[in-house]
Amino acid sequence: MHLINADLHCHSHVSDGTLSPEALAERAHARGVALWSLTDHDEVGGQHRARDAALALGMDYLTGTEISVSFAGETVHIVGLGFDTDDAALQAGLAATRSGRRERAREMAAGLAQVGIAGAFEGALRYVGNPDLISRTHFARFMVESGACTDTHAVFRRYLTAGNPGYVPHQWAGLGAAVRWIREAGGVAVIAHPGRYRFTPTEEYALITEFIAHGGLGLEVVTGSHSAAEQMRYTDTALEFGLLASRGSDFHSPDESRTELGSLPGLSGRLTPVWGALQHRIQRARNRPLAAV
Ligand code: AMP
Ligand code: MN
Ligand code: MN
Ligand code: MN
């Protein structure tokens, strides 16, 4: 078992989490996290704040983001770790990935209005911390508040997933582009929560082999959304394909998240942890003056 308490996946109010980067850093540190990464969706706007807060607490930090990708008709998430946040191509790629979100949100609200849920666009906006990043999670919070459902998972099940009235298909980044942005900015690309995708074995094999062909190196083996069986299965997958293993809670909010920061099972000792390949980045963050990742 790898004993370091690394948590390399979570969200602040810069994307669809509810806490600030500083509050997340404190919460992670208080729960024993020794190596942390904030991985906001399609966005690096919180990175300097997260890093400064982590280092002030004596916690190691890796830069992070979670890029939305379209692959085989499904949305796949690619986590990037340990990259330069000021890389121009990465920033442009993330901006392009974010750019359709507002129009998509208007279409989602139109679909919800047709089933009697009025004002969802304005309602969701009240929960948005970053006007560039309106997500389905913000709609879910509004719809719980307005009494349409009792919790956000129910909102997704009934309204915000394929075949339901608030769902709008969306074209995200390409897999190759997302991996390239991360890699060329000096980071490591990781397939997030592989157990969440509704792929056939053939599609999953295609995802992993194409990801590797593009230069992707990591697989999130331990995540808040994996069962014990999925964790074992993706341990084997990482070993079979020679992928580095990552671990992250995917924490979004004290009220909604099933998994707390830092409170995950350890990575099997048979795996090679992703942070082994990023020691120079961890060291560099330690040595840089604050706010210059
Ligand atoms: P978006 O990027 O706007 O499509 O929103 C995706 C986000 O919605 C994910 O990152 C999760 O935070 C959240 N999400 C997706 N599916 C569910 C679900 N079934 N229950 C709760 N939250 C979900
Ligand atoms: Mn999210
Ligand atoms: Mn995700
Ligand atoms: Mn996530």
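Fair warning: this is a prediction, and the values are worked out from it, not measured in the lab. (Residues numbered from 1 in each chain as written. Chains lettered and ligands numbered in written order. Predicted model: local features only at pLDDT ≥ 70, side-chain atom pairs only at ≥ 80, totals over all residues. Heavy atoms only, no water.)

Q: Account for the overall build of the protein chain, naming residues and giving values.
A: Per the secondary structure count, the protein chain includes 11 helices and eight strands. Taken over C-alpha atoms, the radius of gyration comes to 18 Å for the protein chain, in line with the 19 Å a tight globule of 293 residues would show. Judged by the C-alpha coordinates and their principal axes, the protein chain covers about 55 × 45 × 35 Å. Taken as a whole, the protein chain presents about 12,000 Å² of accessible surface, with 52% of it coming from carbon and sulfur. Computed over 26 positive and 32 negative side-chain charges, the separation of the two mean positions in the protein chain equals 1 Å. (Helix = DSSP H or I, 4+ residues; strand = E, 2+ residues; numbered from the N terminus. Rg over C-alpha atoms; globule rule 2.2 N^0.38 Å. Areas by Shrake-Rupley, 256 points an atom, 1.4 Å probe, with all protein chains shown as cover. Lys, Arg positive; Asp, Glu negative; His and termini not counted. Charge placed at Lys NZ, Arg CZ, Asp CG, Glu CD.)

Q: Give me the coordination of the manganese ion (ligand 4): which residues, what numbers.
A: Taken together, the protein donors to the manganese ion (ligand 4) comprise H9 (NE2), H11 (NE2), E66 (OE) and D250 (OD), at separations of 2.1 to 2.2 Å. Every donor residue of the manganese ion (ligand 4) comes from the same chain, spaced as H-x1-H-x54-E-x183-D. Metal-to-metal, the separation of the manganese ion (ligand 4) and the manganese ion (ligand 2) is 4.5 Å. On the criterion of sequence distance, the pair formed by E66 in strand β4 (residues 64–71) and D250 in the loop between β8 (244–248) and α11 (279–287) is long-range, its members being 184 residues apart. (Donors = N, O, S within 2.8 Å, 3.2 Å for Na, K, Ca; no water.)

Q: Lay out the pattern of salt bridges in plain terms, naming residues and giving numbers.
A: Considering all chains together, one arrives at 16 salt bridges under this definition. For R286, the salt bridge is made with D60, and the minimal N-O distance between the two is 2.7 Å. Taken together, the residues span a long stretch of sequence, with R286 in helix α11 and D60 in strand β3 (residues 60–61) at a distance of 226 residues. For R286, a relative accessible area of 43% translates into the label partly exposed. For D60, a relative accessible area of 16% translates into the label buried. Across the pair D236 and R270 runs a salt bridge, and its minimum N-O distance is 3.7 Å. Taken together, the residues D236 in helix α10 (residues 228–241) and R270 in the loop between β8 and α11 connect sequence positions 34 residues apart. Judged by relative accessible area, D236 falls into the partly exposed class, the value being 42%. (Salt bridge = Lys/Arg side-chain N within 4 Å of Asp/Glu carboxyl O. Buried < 20%, exposed > 50% of the residue type's maximum accessible area, 1.4 Å probe, protein only.)

Q: Quick one: what's the story with the packing of aromatic side chains, residue by residue and with numbers?
A: Enumeration according to the criterion identifies four aromatic pairs in this entry. Seen from their ring centres, Y197 and F199 are 5.8 Å apart, and the 45° between their planes marks the pair as tilted. Classification of F199 as buried rests on a relative accessible area of 16%. Taken together, a centroid distance of 5.9 Å and an interplanar angle of 55° make the contact between Y205 and F241 tilted. Taken together, the residues span a long stretch of sequence, with Y205 in helix α9 (residues 201–213) and F241 in helix α10 at a distance of 36 residues. Through successive ring pairs, a cluster of aromatic residues spans F71, Y197 and F199. Between R106 and the ring centre of F121, over which it is positioned, the NZ or CZ distance is 4.0 Å. (Phe/Tyr/Trp six-rings, centres within 6.5 Å; stacked < 30°, edge-to-face > 60°. Lys NZ or Arg CZ within 6 Å of the ring centre and 35° of its normal.)

It is worth stressing that arrangement in space is one thing and function is another; only the former is reported here.
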